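# Observations on the three-dimensional arrangement
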Amino acid sequence: MHKTGAPFIAHRRAPALLTLTVLLATLLLAACGAPSSEPQTSGETAGPGQIIVIIPEEPASLNQYHAVAAIVRQVADAVSAPLAVPDENGAFIPVLAAELPTVENGGVSPNYLTVAWKLRPGLRWSDGEPLTSDDIKFTWEAVSHPESGNVLALGFEKIASIETPDELTAVITYKELNQAYLQQFMYGILPRHATGAPEEMLQWAWNRNPVSAGPYVVKQWNSGESIVMERNPYYYLEGQPYIDRVIFTIVPDPGAQIAMMAKGEAHVHLWPGEVKEIYDAQVAGQAALQEVPGQWNMTLFFNLSRPFDGDPGPEPPHPILGDLRVRQAIAHAIDYDLIVTAVNPGTFPTATPFAYGWYKCDQERKYPYDPERARALLEEAGWVEGPDGIRVAQGAPYAEDGTRLRVQLNGYTNFQPLVKLEEALVEMFRVVGIEATIQNDDFSIIFGSYEDGAPRQLGNFDILVYDTSLPIEPQASIENTYLSTAIPTAENPAGNNSSRWVNLRADELIRAAGATVDLEARRAAYCELSELIATELPRLNLYLFTEGYGASNRLSGYKVNMWGSLTWDIQNWKLE
Amino acid sequence: MSELTVSQALTRPGRRTMEAAPLRVLIWRRFLRHRLAVVAMAVLGLVIASAVFAPLSRYTPTQQNPTNALQPPSPQHWFGTDDLGRDVFTRTLYGGRISLAVGLSATLLSLLIGVVVGMVAGYFGGVVDNVLMRITDGFLTLPTLFVLILIATLLREIPALGLVSGVIIVILVIAVLSWMWPARIVRGEFLRLKQRDFVTAAESIGAGHGRIMARHILPNTVSLIIVQGTLMVAYAIITESGLSYLGFGVQPPTPSWGNLLATAQTYALRAPWLMIFPGLMIFLTSMAINYIGDGLRDAFDPYSAR
């Protein structure tokens, strides 16, 4: 599944404008003769010590701090140098750091406001220059610069200062508690000597040819065709990476991707978009889909506020969805088993946003599939059956009598599993007397900004349908999604409470979870929030997509990591 | 040899046997001699009839059975089933309603705008030509994707568009983005033909601009316009599905040949029937219209051997 740097919104493909920008940049670079004059690698086949990785689209940059498009991290982790990353179980492990700072080892002060990172001794960048604690400090300076173009919410603004008492130690002092301190430098350290001014970060030459502390360095970038990487001679792990050369080949056509895997011409296949049985049959014993339940949680977002009233706030209530009984009826109308077995097979049912990680909650579905109950609730809510089977208002609390029970499902285009789900929902809703229409828009419209008039931000929708995820440290995302103060308005245009849900108990729970570092206490707060969400239905969680990629049978040493990218452990990959 | 109008051609010496019949009957007779065109007419008639009588199918186009998804063609489902177990035969028939409406209407509208602009520009020349052609060039240089995203964004301000208004928007968008090609072709022809003797002759007997354009020059450009039109029908049908990617017009679950094809891409290897049948319908329709155009051109052409 596609992932995004900004972890809580589905970003399955780069927005069209971004794609165009990439195209223009590509043309410009081509015109300037930017690609190396070395021979092109199209048609190049795998040799000893060399693997081909299929990517469906080209990253615009390898600087993860600019990564709106999910593809960037998938490639960039091969050249990135984080201090620590989450492993496949969600536990952080040190990479460039000698150890994880904790209260026990003295790396973290008892009030959690000071964190001291110790680097491994003898680290070098790929150009041979030493990697020091000053590079950690520079990363903070660069990323937190208001004009750096950073899009990742990593809490850099909470840092008051970074001291570097010696070349190996960086002592970070926080202005306020940052529960996510371990993921602070998860997207890599930037070299002060080989980048540029923070305010010019978007234009750094480094972005496409990074001086790396990761396992690989970019050898050649053939725009529109491939990115060729070779092993970083200064990588900190002795003898690693095991594979000398990795070629990321850009192949947009799914049929061509499968054919390459089936012929053994490629070794790794990012985002195959196919269920396992079918994928494995198609690649004819050459490879297999390696997958685990992933982060992407397919969700219906109900708008509790009246759309198109010129007011992005929570009042007045939505004429149809403002009534909890209608939302409950919708929940009862959905055949959840059919969706995960037949509509989108290979997905895992879930009833909560807190479906994985250390904060996982065992949430039961409050309103299971029961069309009879759905009909009864709609009757009770003042929606009576009309002549064509679709209900009309007769005494409904927020709708004028005679209003048709008609809602629009808003998704984004060009993602077939989402369209299939919507089409199935239209039929399920019709059975209980709800007319649903589908309006899917380009990704850039749905996920546009408040200033651009995105319907999601202005509250001009009935039900949004898309998949979201929670990061390993979810507090910032939860605050911006469920707090009543996170409703997007002109004053708070980046708020993500698009359902316009106002619940004082939820606010209390979220603030309580944000005020402690006790994981058990936080989890308890999140699970009570999960219960509230499942009961009040500002949103309805449906299922998790699997996460994974196609891997050649000749490849070993990899671990699929729902918290990481395809290349998070590329230094461990081996080719027979 | 100078060009002749159809009526002049049909009444010149040597064709006296035709004098008795009215022009449209003559054209019709000539058309019937073009065998392929007649067959094409029958095929197009069948395609249109299949769309009109789609409700006679025993399934509805949105009736789902997800547990019976992606079944190959069988006696129960002649064209197989799609990814939600819907009957592809029924969806293809219903899809024809949208696609034919969009393809034919958008083409007609585009030709109407293009022919009028091209006629006026080519006939009057000078400043009028310059202004109209610069406008045409302006439309040709519009960055289509940006314009479409802009329109889609503006449309988002409207609460809910019904299917009919959605289809009308698609027709308008396709016509607005494609009238420039017929305009340039017609203008070129008018520039060429207005120098001919028959135009001078018409002017000398006091014919007005409108009459000269419509009755004397335009009939001589009909063959080119028809060829352009036949190409545009298939273009419009395919463009409609491209537009739905941007959120215009025909949204699922309403089928159109274009969006049936777009969905089929995902299953190209596993369920090729999803692609074959709507593809075949687009192919048949375009070919039929093409041959009908061919027949009409010959029927209108006074020098045709038929």
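Keep in mind it's a predicted model, so treat the numbers as computed, not measured.

Regarding its fold elements, chain B presents twelve helices and zero strands. Shown N-terminal to C-terminal, the secondary structure of chain B runs as helices and strands in the order α-α-α-α-α-α-α-α-α-α-α-α. Per-residue burial for chain B yields a buried fraction of 49% across its 306 residues. Intrachain contacts of chain B at a sequence separation of at least 6 include 71% that bridge at least 24 residues. Accessible area of chain B: about 14,500 Å², with a carbon and sulfur share of 68%.

All names here are of chain A. Mapped onto the fold, proline 353 is located in the loop between β12 (348-349) and α8 (371-380). For proline 353, a relative accessible area of 6% corresponds to the buried category. In the structure, proline 353 is positioned 151 residues away from leucine 504 in sequence and 19 Å away in space, judged by C-alpha atoms. Here proline 353 is in contact with Asn297, Leu470, Tyr482, Ile533, Arg539 and Asn541, once residues within four sequence places are set aside.

Attention now goes to the confidence of the model for chain B. In low-pLDDT segments, the atomic positions of the prediction should not be examined closely. Residues and elements named next belong to chain B. Counting all residues, the mean pLDDT for chain B is 85, and 88% of those residues have values of 70 or more. Note that pLDDT drops below 50 for residues 9-18; the model gives that stretch 13 contacts with residues more than four away or on any other chain. Listed scores for the predicted complex are pTM 0.77 and ipTM 0.78.

Residue and element names in this part refer to chain B. Here arginine 30 lies in helix α2 (residues 23-32). Spatially, the C-alpha atoms of arginine 30 and glycine 95 are 34 Å apart, while their sequence positions differ by 65 residues. A distance of 3.2 Å separates the side chain of arginine 30 from the backbone oxygen of aspartate 298, its partner in a polar contact.

Bringing the pairing of strand β7 (residues 216-222) of chain A into the picture now. Residues and elements named next belong to chain A. Across the seven residues that make up β7, a large majority, six, are buried. Of the strand pairs in this sheet, β7 and strand β8 (residues 226-231) are connected by six bridges, and their pairing is antiparallel. Bridge pairing in β8 places tryptophan 221 opposite isoleucine 227. Between β7 and β8, which pair antiparallel in sequence order, lie three residues; one of them, glycine 224, sits at a positive phi of approximately 80°.

Residues and elements named next belong to chain A. With respect to the element layout, arginine 500 can be found in the loop between α12 (475-482) and α13 (504-514). Despite its burial, arginine 500 pairs with no opposite charge; the closest candidate is aspartate 311, at 7.7 Å N-O. Within the local environment of arginine 500, its side chain forms a polar contact with the backbone oxygen of arginine 456, the two atoms lying 3.1 Å apart.

For the rest of this paragraph, the subject is the packing of helix α4 (residues 88-124) of chain B against helix α8 (residues 180-193) of chain B. All names here are of chain B. Look at α4 against α8: their axes get within 7 Å of each other, and the N-to-C directions meet at 35°. The handedness of the crossing between α4 and α8 comes out as right-handed. Where α4 abuts α8, its residues Ser110, Leu111, Gly114, Val115, Val117, Gly118, Met119, Ala121, Gly122 and Tyr123 lie against Pro182, Ala183, Val186, Arg187, Phe190 and Leu191. Split by residue class, the contact of α4 with α8 holds eleven nonpolar, four polar and one charged.

In this section: the sheet that holds strand β5 (residues 159-166) of chain A. All names here are of chain A. Strand order in the open sheet made by the three strands is β4-β6-β5, with antiparallel pairing throughout. Single-partner strands in this sheet number two, and they are β4 (114-118) and β5. Averaged over all pairs of adjacent strands, the angle between their axes in this sheet comes to 20°, without regard to strand direction. Alignment of β4 against strand β6 (residues 169-174), held across five bridges, turns out to be antiparallel. Directly across from tryptophan 117, in β6, lies its bridge partner alanine 170. Sheet strands touched by helix α3 (residues 133-143): β5 and β6. Its angle to β5, the strand with the most contacts, is close to 165°.

A few words on the interface of chain B and chain A. In this complex, chain B contributes 30 residues to the contact, which on the side of chain A involves 32 residues. Regarding the contact of chain B and chain A, the summed buried area is about 2,700 Å², with carbon and sulfur atoms giving 58% of it. The interface formed by chain B and chain A contains two salt bridges. Taking the shortest distance from any N to any O, the salt bridge between glutamate 274 of chain A and arginine 270 of chain B comes out at 2.7 Å. Linking chain B with chain A are five residue pairs in polar contact (both at pLDDT 80 or more). Sorting the residues of the side of chain B that touches chain A by element identifies α6 (144-155), α10 (209-245) and α11 (257-266) of chain B as the ones contributing at least two each. At five residues, α6 of chain B tops the list of elements feeding residues into the side of chain B that touches chain A.

Before going further, it helps to spend a moment on the pattern of salt bridges. Side-chain pairs of opposite charge can arise where the charged atoms are in close proximity. In this structure the tally under the stated criterion is 28 salt bridges over all chains. Of the charged contacts in the structure, one is a salt bridge between arginine 245 of chain A and glutamate 230 of chain A, with a shortest N-O distance of 3.0 Å. Remark: glutamate 230 of chain A occurs in strand β8 and arginine 245 of chain A occurs in strand β9 (residues 245-250); sequence separation between them is 15 residues. Residue classification places glutamate 230 of chain A among the partly exposed residues on the basis of a relative accessible area of 25%. Ionic pairing is found between arginine 86 of chain B and glutamate 423 of chain A, a salt bridge with its closest N-O pair at 2.9 Å. Taken together, the residues span two chains, with arginine 86 of chain B in the loop between α3 (35-52) and α4 and glutamate 423 of chain A in helix α9 (residues 416-431). Look at glutamate 423 of chain A and you get buried, because its relative accessible area is 4%. Each of the salt bridges in this network shares a partner with another, and the network as a whole consists of Asp388, Arg404, Arg406 and Glu435 of chain A.

A few words on the state of the cysteines. Residue and element names in this part refer to chain A. Summed over the entire model, instances satisfying the criterion amount to one disulfide over all chains. Paired through a disulfide, cysteine 361 and cysteine 527 show a sulfur-sulfur distance of 2.1 Å. An S-S torsion of about -95° defines the bridge between cysteine 361 and cysteine 527 as left-handed. Residue cysteine 361 is located in the loop between β12 and α8, and its partner cysteine 527 is located in helix α14 (residues 519-536); the two are separated by 166 residues in the primary sequence. Like cysteine 361, the residue cysteine 527 is buried in the burial classification.

The rules behind each value
- Residues numbered from 1 in each chain as written.
- Chains lettered and ligands numbered in written order.
- Predicted model: local features only at pLDDT ≥ 70, side-chain atom pairs only at ≥ 80, totals over all residues.
- Heavy atoms only, no water.
- Helix = DSSP H or I, 4+ residues; strand = E, 2+ residues; numbered from the N terminus.
- Buried < 20%, exposed > 50% of the residue type's maximum accessible area, 1.4 Å probe, protein only.
- Contact = heavy atoms within 4.5 Å.
- Areas by Shrake-Rupley, 256 points an atom, 1.4 Å probe, with all protein chains shown as cover.
- pLDDT = per-residue confidence, 0-100.
- Polar contact = N/O pair within 3.5 Å; in protein donor to acceptor, adjacent residues only side chain to side chain.
- Pairing = 2+ DSSP bridges.
- Lys, Arg positive; Asp, Glu negative; His and termini not counted.
- Salt bridge = Lys/Arg side-chain N within 4 Å of Asp/Glu carboxyl O.
- Axes fitted to C-alpha atoms, helices over the stretch in contact; angles between N-to-C directions.
- Left-handed = near helix turned anticlockwise from the far one by under 90°.
- Nonpolar A, V, L, I, M, F, W, Y, C, P; charged D, E, K, R; others polar.
- Buried area = accessible area lost by both parts, 1.4 Å probe.
- Disulfide = S-S within 2.5 Å.

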